[in-house]
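# What the coordinates show
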Amino acid sequence: TTVADVPTTPIQGMKPGTSGLRKKVEVWQGKEGDKYYVENFIQSLLDTATEKNEGNVPETIIVAGDGRYYNDEAIQIICKVLAGNGVSNIWIPQGGIMSTPAVSSAIRTREGGIADGAIILTASHNPGGPGEDFGIKYNEAFGQPAGEDFTDKLYEKSLEISSFKTIEGASDIDLNAPEGTTYQLTDASTVTIIDPFKEYIDVLKGCFDFEALSKFAKRPGFSLLFDGMHGAGGPFARKVFLEELGLPESCLLRCDPRPDFGKCHPDPNLAYAADLVKKMGLAADGSADPSADIAALPALGAANDGDGDRNLIAGAGCFVTPSDSLALICDNWRAIPHFSKSGGPKGVARSMPSSGALDVVAEALDIPFFSTPTGWKFFGNLMSSKELFDKTDYTPFLCGEESFGTGSDHIREKDGLWAVLAWMSILMKANEDVAEGEPLVQVRDIVNEHWAKYGRHYYCRYDYEGVESDAANKVMDLIREEFVDGDISTILADESGIKLTAAEEFAYTDPVDGSQTSKQGLTLSFEYPSGDPARVVYRLSGTGSAGATIRMYLEKFEGDKAKHDQSAPTALKSLADRALQLVKMEELTGRDSPTVIT
Ligand code: VG1
Ligand code: CO
């Protein structure tokens with residue numbers, strides 16, 4: 001093979017968003033006119049990594065994807081560009097597919113030395129297939145998604161690029177070759193096919209008691225239903241639930257990865273995981289279906305997204321919102337060996353739009369708590385910092401987002417299967433003293449008890465997808481000008497009695513490296529006539545590939561136990577109406593209802 005320096009020209013619009021660069025697959029394929037889209041992006045990425053690494057090209061890079069359409073072709077192109085640039089070791093999982101948390105584990109712990117980074121081919125929860133999305137993101141040596149300093153530099157480089165390096169005369173790599181197979185791409189560059197599972201399963205075993213869980217898995221009354229949504233998490237779920245815990249095949253739904261996710265939208269929420277939601281005895285709004293026979297339902301239901309980092313958790317007749325799930329995992333740390341072996345989490349964090357359910361638990365446990373901008377990359381510094389907490393070597397950390405993301409410091413990504421095992425562990429502990437033959441303590445019992453103790457943070461999110469960018473910006477500008485910068489004292493409550501009391505725009509200073517991030521969401525604070533506080537947050541999505549998505553996050557605290565049994569969308573309806581009217585949603589966007597409520 002020969003190394004070639006191929007002339008190219010800059011391509012506009014390669015600015016990574018909340019989690020990598022996501023575009024329609026045709027754009028990546030070069031069908032929209034930019035022939036070297038993948039090459040330009042990867043060269044810019046490598047140049048950025050090299051610059052950060054004091055001029056040395058990274059030595060070892062993992063290349064893996066979530067299996068979506070164009071996965072395998074992109075891997076071949078990327079390997080050639082990496083080899084052209086002199087990356088010595090390129091690790092590819094057998095089959096080319098790995099969940100995002102598995103990649104994060106492998107970067108950190110792979111035998112024979114950690115990797116310098118990973119190129120992950122995923123658009124996560126976005127649909128895949130022709131006409132749908134493809135994406136690429138970069139994770140650095142601790143396994144964490146590259147931060148904004150990195151992606152901003154990458155973007156600058158993509159606007160200055162004049163050539164990329166690749167190799168010519170190399171034949172394609174057989175992605176299904178046995179583990180350990182190597183391909184010598186140049187004298188200096190080798191591809192090795194690696195086992196996708198090993199490090200990740202080992203990491204999970206370090207977090208949970210697999211032996212006890214496999215016993216609990218066989219307990220009468222317990223059954224699990226897991227929906228892989230045809231994403232990358234499926235094969236990992238199969239390994240964990242079937243091979244390790246001995247659960248039956250029937251617990252798996254859609255666990256075979258498919259390039260188009262079986263034409264579904266691989267986002268594990270109430271709308272897109274509708275089949276699972278129904279099988280768990282739930283109505284579409286997450287409330288219990290009154291006709292469901294709780295004892296006959298699976299005790300635990302869960303789903304993952306396209307790249308296996310998101311999770312949906314449900315019990316029999318009980319949907320657990322991601323914000324509640326996070327708070328409950330925190331409060332029930334004793335059930336999870338990863339936390340219990342060191343006396344509980346040493347710190348916790350949530351993204352700003354997530355509900356305050358975690359805050360009250362952190363306060364009760366008296367542990368440091370952080371509110372960060374949306375996106376997992378903002379948790380990385382916090383969890384790697386020993387200084388922020390105590391200076392012991394082992395400082396377990398828990399974090400999560402309202403967008404069905406939960407995880408800890410065992411890796412540097414959110415982790416779909418980790419969340420399921422956390423809940424299985426919580427359920428197991430809650431049933432420790434329940435005699436066999438007795439009915440199981442259910443997820444909903446655990447959740448109700450939690451609300452009775454801490455109060456309930458009613459929470460839901462309205463998404464307005466595919467809004468015209470101009471219209472979406474107008475909504476945000478209006479909130480900024482009229483409420484954040486304007487005088488809200490003259491705005492009176494309407495007939496609902498819900499009054500706007502404050503407005504602010506969220507900015508964040510990273511407590512570890514001092515880096516600053518601005519414009520991370522607009523918050524309107526409200527007060528009900530009863531005096532109960534409520535909050536509505538607005539953000540524009542940073543993961544879409546076309547147009548804009550407005551997210552509106554609604555939250556209301558209810559301390560009264562007698563009022564904990566409403567469905568969240570119902571409880572929040574008047575708040576939503578009030579907020580929509582204030583921001584002139586329909587007038588500015590033409591939308592009289594959201595695309596998704598979850
Ligand atoms: C969304 C979520 C955010 C999450 C991000 C990546 O971003 O809101 O919480 O971190 O997706 O998740 P945005 O900018 O569209 O709101 V994934 O599983 O798509 O990597
Ligand atoms: Co994801």
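Residues numbered from 1 in each chain as written. Chains lettered and ligands numbered in written order. Predicted model: local features only at pLDDT ≥ 70, side-chain atom pairs only at ≥ 80, totals over all residues. Heavy atoms only, no water.

### Thoughts on the overall build of the protein
Keep this limit in mind: Strands are runs of DSSP state E lasting at least 2 residues, helices are runs of H or I lasting at least 4, and numbering of each runs from the N terminus. All radius of gyration figures rest on C-alpha atoms, and the globule criterion is 2.2 Å times the number of residues raised to 0.38. Note on classification: 1.4 Å probe, protein chains only; a residue is buried when its accessible area is under 20% of the maximum for its type, exposed when over 50%, partly exposed between these limits. Only heavy atoms enter the contact rule, under which two residues are in contact if any of them lie within 4.5 Å.
Helix and strand counts for the protein stand at 19 helices and 26 strands. Here the protein has a C-alpha radius of gyration of 24 Å; the compact-globule value for 598 residues is 25 Å, and the two agree. C-alpha extents for the protein along the principal axes are approximately 75 × 60 × 50 Å. Looking at the protein as a whole, 60% of its 598 residues are labelled buried. Of the contacts made within the protein by residues no fewer than 6 positions apart, 72% connect residues no fewer than 24 positions apart.

### Notes on the site of ligand 1
Basically, it comes down to this: Throughout this document, a residue counts as near a molecule or strand when at least one of its heavy atoms sits within 4 Å of that molecule or strand. Whenever two N or O atoms come within 3.5 Å, that pair is a polar contact, provided that in protein one can donate a hydrogen and the other can accept it, and provided that, for residues adjacent in sequence, both atoms are side-chain atoms. Polar here means any residue other than Ala, Val, Leu, Ile, Met, Phe, Trp, Tyr, Cys and Pro, which are nonpolar, and Asp, Glu, Lys and Arg, which are charged; Gly is therefore polar.
Every one of the 18 residues lining ligand 1 counts as a neighbour, but Thr-18, Ser-124, His-125, Ser-403 and Thr-543 are closest to it. Within the backbone of Gly-542, an N or O atom sits 2.6 Å from an oxygen atom of ligand 1. Looking at the shell around ligand 1 residue by residue, the classes come out as no nonpolar, ten polar and eight charged.

### Structural notes on the coordination of the cobalt ion (ligand 2)
Cut-off, in case you're wondering: Metal donors were taken as nitrogen, oxygen and sulfur atoms no farther than 2.8 Å from the ion, or 3.2 Å where the ion is Na, K or Ca. Water is excluded, so coordination may look unfinished.
Protein coordination of the cobalt ion (ligand 2) is provided by Ser-124 (OG), Asp-305 (OD), Asp-307 (OD) and Asp-309 (OD), with donor distances spanning 1.9 to 2.1 Å. Sequence spacing among the residues donating to the cobalt ion (ligand 2) works out to S-x180-D-x1-D-x1-D. For the pair formed by Asp-305 and Asp-309, the shared burial category is buried.

### Focus on the pairing of strand E10 (residues 224-227)
What counts here: Strands are labelled as partners when DSSP assigns at least two bridges between them. Whether a crossover is right-handed comes down to one check: with the strands pointing away from the viewer, does the path from the first strand over the helix to the second run clockwise; if it does, it is right-handed.
Burial along E10 is two-sided: the residues Leu-224 and Phe-226 and Leu-225 and Asp-227 are all buried. As defined by bridge partners, E10 adjoins strand E12 (residues 300-304) across four bridges and the pair is classed as parallel. Each bridged residue has a counterpart across the sheet, and for Leu-225 the counterpart in E12 is Gly-301. Of the pairings in the sheet, the one linking E10 to strand E11 (residues 252-253) comprises two bridges and is parallel in character. Residue Asp-227 lies in a different strand from E11, and its bridge partner there is Leu-253. Each parallel crossover has a hand, and the one from E10 via helix H8 (residues 233-244) to E11 is right-handed.

### Some words on the packing of helix H10 (residues 322-331) against helix H14 (residues 416-430)
Stated precisely, the cut-off is as follows: Interaxial angle, 0 to 180 degrees, is taken between N-to-C directions of lines fitted to C-alpha atoms, where a helix line uses only the stretch in contact. When describing relative orientation, an angle under 35 degrees is termed roughly parallel and one over 145 degrees roughly antiparallel, while 65 to 115 degrees is termed roughly perpendicular and anything else oblique. Each crossing gets its handedness from the near helix: less than a right angle anticlockwise from the far helix is left-handed, clockwise is right-handed.
Where H10 meets H14, the axes come as close as 11 Å, and the angle between the chain directions of the two elements is 55 degrees. Taken together, the axes of H10 and H14 are oblique relative to one another. Crossing hand, H10 versus H14: left-handed. Packed against H10, whose contacting residues are Ser-325, Leu-328 and Ile-329, the element H14 presents Trp-418, Ala-422, Trp-423 and Ile-426 at the interface. Along the lines of polarity and charge, the residues of the contact of H10 with H14 split into six nonpolar, one polar and no charged.

### A look at the sheet that holds strand E8 (residues 182-186)
The seven strands are arranged E2-E6-E5-E3-E4-E9-E8 in an open sheet whose pairing can be described as mixed. The sheet is open, and its two edges are formed by strand E2 (21-24) and E8, each paired on a single side. If you compare each strand with its neighbour and ignore which way they point, the axes differ by 20 degrees on average. Summarising the sheet, strand E5 (residues 117-121) and strand E6 (residues 133-140) pair through five bridges and their orientation is antiparallel. Its bridge partner being in E6, Ile-119 is matched across the sheet by Tyr-138.

### Notes on the pattern of salt bridges
Condition: For salt bridges, the criterion is a side-chain nitrogen of Lys or Arg within 4 Å of an Asp or Glu carboxyl oxygen.
Overall, the coordinates contain 31 salt bridges when judged by the stated rule. Taking the shortest distance from any N to any O, the salt bridge between Lys-24 and Asp-133 comes out at 3.1 Å. Remark: Asp-133 occurs in strand E6 and Lys-24 occurs in strand E2; sequence separation between them is 109 residues. The exposure class of Lys-24 is partly exposed, given its relative accessible area of 28%. Among the residues examined, Asp-133 registers a relative accessible area of 5% and is labelled buried. A cluster of three or more residues bridged by salt bridges with shared partners is formed by Glu-402, Arg-461, Asp-463 and Arg-551.

### A look at the environment of Val-441
Its location among the elements puts Val-441 in the loop between H14 and helix H15 (443-454). With relative accessibility at 24%, the residue Val-441 sits in the partly exposed group. Spatially, the C-alpha atom of Val-441 lies 7.4 Å from that of Leu-427, the residues being 14 residues apart in sequence. Apart from residues no more than four positions distant in its own chain, Val-441 is found in contact with Leu-427, Ala-430, Asn-431, Val-434 and Ile-446.

### What about the sheet that holds strand E19 (residues 456-467)?
Taken together, the six strands give an open sheet; going across it, the order is E20-E23-E24-E25-E19-E26, and neighbouring strands pair in antiparallel fashion. Of all strands in the sheet, those bounded by a partner on one side alone are strand E20 (499-505) and strand E26 (596-597). As paired strands, strand E24 (residues 533-540) and strand E25 (residues 548-558) are joined by seven bridges and run antiparallel to one another. Note on E25: the bridge partner recorded for Tyr-538 is Met-552.

### Brief notes about the packing of aromatic side chains
Cut-off, in case you're wondering: Any two of the Phe, Tyr and Trp rings considered here, Trp counted by its six-membered ring, make a pair once their centres fall within 6.5 Å; the pair's planes then place it as stacked at under 30 degrees, edge-to-face at over 60, or tilted in between.
What the rule picks out here adds up to 16 aromatic pairs. Ring centres of Trp-28 and Phe-41 lie 5.7 Å apart, and the angle between their planes is 85 degrees; this geometry places the pair in the edge-to-face category. Here Trp-28 is found in helix H1 (residues 25-28), whereas its partner Phe-41 is found in helix H2 (residues 37-52), with 13 residues between them in sequence. Seen from their ring centres, Trp-28 and Phe-134 are 5.7 Å apart, and the 75 degrees between their planes marks the pair as edge-to-face. Of this pair, Trp-28 sits in helix H1 while Phe-134 sits in strand E6, and the two are 106 residues apart along the sequence. Accessibility assignment for this pair places Trp-28 and Phe-134 in one class, buried. An aromatic cluster of three or more residues is present, and its members are Trp-28, Tyr-37, Phe-41, Tyr-70 and Phe-134.

### Regarding empty space enclosed by the protein
Rules: Think of a 1 Å grid over the protein atoms and nothing else: a 1.4 Å probe that fits but is trapped marks a cavity, an open set flanked by protein within 12 Å on at least five of seven lines marks a pocket, and residues with an atom within 4 Å of a point count as lining. Grid points are joined across faces, edges and corners, and a volume is the space filled by probe spheres set on the points.
In this structure the tally under the stated criterion is one cavity of 30 Å³ or more. A volume near 30 Å³ is recorded for the largest cavity. The set of elements that each furnish at least two residues to the lining of the largest cavity consists of helix H12 (357-365) and H15. Of the residues belonging to the lining of the largest cavity, the class tally is four nonpolar, three polar and one charged.

### Observations concerning the domain arrangement of the protein
Heads up, the condition is: Domains are outlined according to an automatic or database domain assignment. Here the buried area means the combined drop in accessible surface, using a 1.4 Å probe, for two parts upon being joined, counting both sides.
Here the protein is described as being made up of domain 1 (2-195), domain 2 (200-454) and domain 3 (456-597). Buried surface at the junction of domain 1 and domain 3, summed over both partners, amounts to about 580 Å²; 40% is from carbon and sulfur atoms. Per-residue buried area on domain 1 facing domain 3 is highest for Thr-18, Arg-22 and Glu-148; these three make up 56% of the total on that side. Remark: the boundary between domain 1 and domain 3 carries four residue pairs in polar contact (both at pLDDT 80 or more). Partitioned by chemical class, the residues of the side of domain 1 that touches domain 3 number no nonpolar, five polar and five charged.

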